[in-house]
Structures are given as structure tokens and as C-alpha cells.
Amino acid sequence: MLVSFINAFLSRMVVFLVIAAVGGVATALGITMARKKDNAGAAVKEGNK
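Since the structure is predicted, the reported quantities are computational estimates derived from the model, not experimental observations.

(A) Region of the structure containing a nonpolar patch on the surface. Together, Leu-2, Phe-5, Ile-6, Phe-9, Leu-10, Met-13, Phe-16 and Leu-17 make up a nonpolar patch on the protein surface, roughly 830 Å² of accessible area in all. Looking at the element boundaries, Leu-10 is found in helix 1 (residues 2-48). When its relative accessible area of 49% is taken as the criterion, Leu-10 is described as partly exposed.

(B) Molecular detail of the packing of aromatic side chains. Per the counting criterion, the structure on display carries one aromatic pair. Ring plane angle 25° and centroid distance 6.2 Å describe the contact between Phe-5 and Phe-9, whose orientation is recorded as stacked. In this pair, Phe-5 and Phe-9 are both assigned in helix 1, four residues apart and thus about one turn of the helix distant. Owing to a relative accessible area of 45%, Phe-9 belongs among the partly exposed residues under this scheme.

Here is what the cut-offs are and how they apply
Per-chain numbering applies: the sequence of each chain, read as written, is numbered from 1 onward. Where totals are concerned, whole chains, interfaces and linings use all residues; where local detail is concerned, this predicted model gives features only for residues with pLDDT of at least 70, and gives and counts side-chain atom pairs only at 80 or more. Side-chain descriptors were evaluated using all non-hydrogen atoms of the structure, hydrogens and water having been removed beforehand. The residues that make up patches have over 30% relative accessible area and no salt bridge, and they are joined within 9 Å when like-charged or within 5 Å when they are Val, Leu, Ile, Met, Phe, Trp or Tyr. Only the protein chains shown count as cover for residues, with accessible areas throughout obtained via the Shrake-Rupley method and a probe of 1.4 Å. Throughout this description, the term salt bridge denotes a Lys or Arg side-chain nitrogen within 4 Å of a carboxyl oxygen of Asp or Glu. Numbered from the N terminus, helices here are DSSP runs of H or I no shorter than four residues, and strands are runs of E no shorter than two. Burial here depends on accessible area, computed with a 1.4 Å probe over protein chains only, as a share of the maximum for the residue type. Under 20% is buried, over 50% is exposed, and the range in between is partly exposed. Paired rings are identified among Phe, Tyr and Trp, the last through its six-membered ring, by centres lying within 6.5 Å, and are further divided according to the angle between planes into stacked (under 30 degrees), edge-to-face (over 60) and tilted (the rest).

Pasting the structure below:
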């Protein structure tokens with residue numbers, strides 16, 4: 001009984017960690033891309049002055 005509970009708990013914990021890791025990578029990539037876009041927009045604006 002306890003072994004099956006631990007097995008199920010660890011299985012769901014691994015799934016949660018994978019989902020959290022994918023979300024973290026997606027957030028980091030989104031922030032990086034947004035910063036690059038902002039910097040590129042600022043460079044274009046400075047060039048038009």
C-alpha cells in the first residue's frame with residue numbers, strides 16, 4: 001500500500017517537474033526575445049533621428 005502511494009507520488013512529481021521546467025524555459029525565452037525586440041526597436045528609433 002505504501003509502496004504504491006510512493007510510486008504514484010513520485011510519478012506525479014516527475015510530471016510536475018517536467019511541466020515546470022518547460023514553463024521556466026518558455027518564460028526565459030520569452031523574456032529574452034522581448035528584450036532583444038525592445039533593443040532592436042530602440043536602435044531603429046535612434047537611427048531615424
